[in-house]
Amino acid sequence: MNKQKRIEILTRLRDQNPHPTTELNYNSPFELLIAVILSAQATDKGVNKATDKLFPIANTPQDILALGVDGLKEYIKTIGLYNSKAENIIKTCKDLIDKHNGEVPEDRYALEALAGVGRKTANVVLNTAFGHPTIAVDTHIFRVCNRTQFAPGKDVVKVEEKLLKVVPDEFKIDVHHWLILHGRYTCVARKPRCGACIIEDLCEYKEKTDY
């Protein structure tokens, strides 16, 4: 795919949604961090249901640490992998208090050192909470980038590297949100909704649908 086509795709996505953001509910970098840890292999809707009950009770590292693993599990037990997520979140809260004065660090390496935080989670927090031009690649973005040929790559890191290379700076802050929403609602996994897609004429997917 050439540069001109990519810019047109990004321009259309921006025109459709000028101020995109995550669908996770949060009011602070810490709340976002916890929500993103919980969102692994879970839906944003499911996470929001749990955090809407959790955050009014505990929305700081100190408060969640005070709940303990078992107390935290009561709030997140509707979410997949909640046992290991509860343990990771308690460890992360302890590290935030011990090493970062209870604050979420605005630094990739410090974030990735926290329990339950990988590259994708760090990228989401840096981008959405702190406004860094990082691009988190999840299954939706991986699919969209490979299917459309916008930024193909054999794994999520390769797709991220390609996106950072080919996306102009003016689009970098928001491209993660545009692509994830496009993959979640239009370029869906089983059968893409090509007939309802605003970039269908620019997309290089060969098996387009009328749907």
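Residues numbered from 1 in each chain as written. Predicted model: local features only at pLDDT ≥ 70, side-chain atom pairs only at ≥ 80, totals over all residues. Heavy atoms only, no water.

The subject of this paragraph is the packing of helix α8 (residues 139-148) against helix α9 (residues 156-166). If you want to describe how two helices pack, look at the angle between their axes and the distance between the axes. At their nearest, the axes of α8 and α9 sit 10 Å apart, and the two run at 65° to each other. Handedness of the α8/α9 crossing: left-handed. Residue-level contacts link Ile 141, Phe 142, Cys 145 and Asn 146 of α8 to Val 156, Val 159 and Leu 163 of α9. For the contact of α8 with α9, the residue count by class is six nonpolar, one polar and no charged. (Axes fitted to C-alpha atoms, helices over the stretch in contact; angles between N-to-C directions. Helix = DSSP H or I, 4+ residues; strand = E, 2+ residues; numbered from the N terminus. Left-handed = near helix turned anticlockwise from the far one by under 90°. Contact = heavy atoms within 4.5 Å. Nonpolar A, V, L, I, M, F, W, Y, C, P; charged D, E, K, R; others polar.)

The full count for this structure, using the stated rule, is 13 salt bridges. The salt bridge involving Arg 12 is made with Asp 201; its shortest N-O contact spans 2.6 Å. One end of the pair, Arg 12, is in helix α1 (residues 3-16); the other, Asp 201, is in the segment after α10 (169-185), with 189 residues separating them in the sequence. The exposure class of Arg 12 is partly exposed, given its relative accessible area of 22%. By relative accessible area, which is 55% here, Asp 201 ends up exposed. (Salt bridge = Lys/Arg side-chain N within 4 Å of Asp/Glu carboxyl O. Buried < 20%, exposed > 50% of the residue type's maximum accessible area, 1.4 Å probe, protein only.)

The feature "binding site: [4Fe-4S] cluster" (unreviewed entry), as given by UniProt, occupies Cys 187, Cys 194, Cys 197 and Cys 203 in the numbering adopted here. The largest pairwise C-alpha distance within this set of annotated residues, which runs over 17 residues, is 10.6 Å, so the set is compact in three dimensions. Note on placement: Cys 194 falls in the segment after α10. Residue classification places Cys 194 among the buried positions, given a relative accessible area of 7%. Among all residues touching Cys 194, those that are not within four sequence positions of it are Glu 200, Lys 208, Thr 209 and Tyr 211. Assignment of secondary structure puts Cys 197 in the segment after α10. In this view, Cys 197 contacts His 182 and Thr 186; residues no more than four positions away in its chain are not counted. (UniProt positions renumbered as here; feature names shortened; annotations may be inferred.)

For the rest of this paragraph, the subject is the environment of Leu 164. One can find Leu 164 in helix α9. Residue Leu 164 is classed as partly exposed on the basis of its relative accessible area of 33%. Separated by 72 residues in sequence, Leu 164 and Thr 92 have C-alpha atoms that sit 28 Å apart. Contact partners of Leu 164, with chain neighbours within four places excluded, come to Pro 133, Ile 135 and Lys 172.

Turning next to the UniProt feature "domain: HhH-GPD" (unreviewed entry) in the chain. According to UniProt, the feature "domain: HhH-GPD" (unreviewed entry) maps to residues 38-185 in the numbering used here. When the span residues 38-185 is considered, its composition is 68% helix and 0% strand, and the gap between its end C-alpha atoms is 21 Å.

With that out of the way, let us pick up the side chain of Thr 186. Mapped onto the elements of the fold, Thr 186 is located in the segment after α10. Contact partners of Thr 186, with chain neighbours within four places excluded, come to Leu 181, Pro 192, Arg 193, Ala 196 and Cys 197.

Time to look at helix α2 (residues 29-38). Of all 10 residues making up α2, nine are buried, and the element is well covered by its neighbours. Among all positions in α2, only Phe 30, Glu 31, Leu 32, Leu 33, Ile 34, Ala 35, Val 36, Ile 37 and Leu 38 are buried. Contacts made by the buried residues of α2 are with α3 (44-54), α4 (61-76), α5 (82-100) and α7 (119-129).

Another point: the packing of aromatic side chains. The relation between two aromatic rings is expressed through the spacing of the ring centres and the mutual angle of the planes. Counting across every chain of the model gives one aromatic pair. An angle of 65° between the planes, with centres 6.2 Å apart, marks the rings of Phe 171 and Trp 178 as edge-to-face. For the pair shown, Phe 171 and Trp 178 are each scored as buried. The cationic tip of Arg 6 hangs over the ring face of Phe 150; the distance from NZ or CZ to the ring centre is 5.8 Å. Seen from the ring of Tyr 205, Arg 147 lies directly overhead, with NZ or CZ sitting 5.3 Å from the centre. (Phe/Tyr/Trp six-rings, centres within 6.5 Å; stacked < 30°, edge-to-face > 60°. Lys NZ or Arg CZ within 6 Å of the ring centre and 35° of its normal.)

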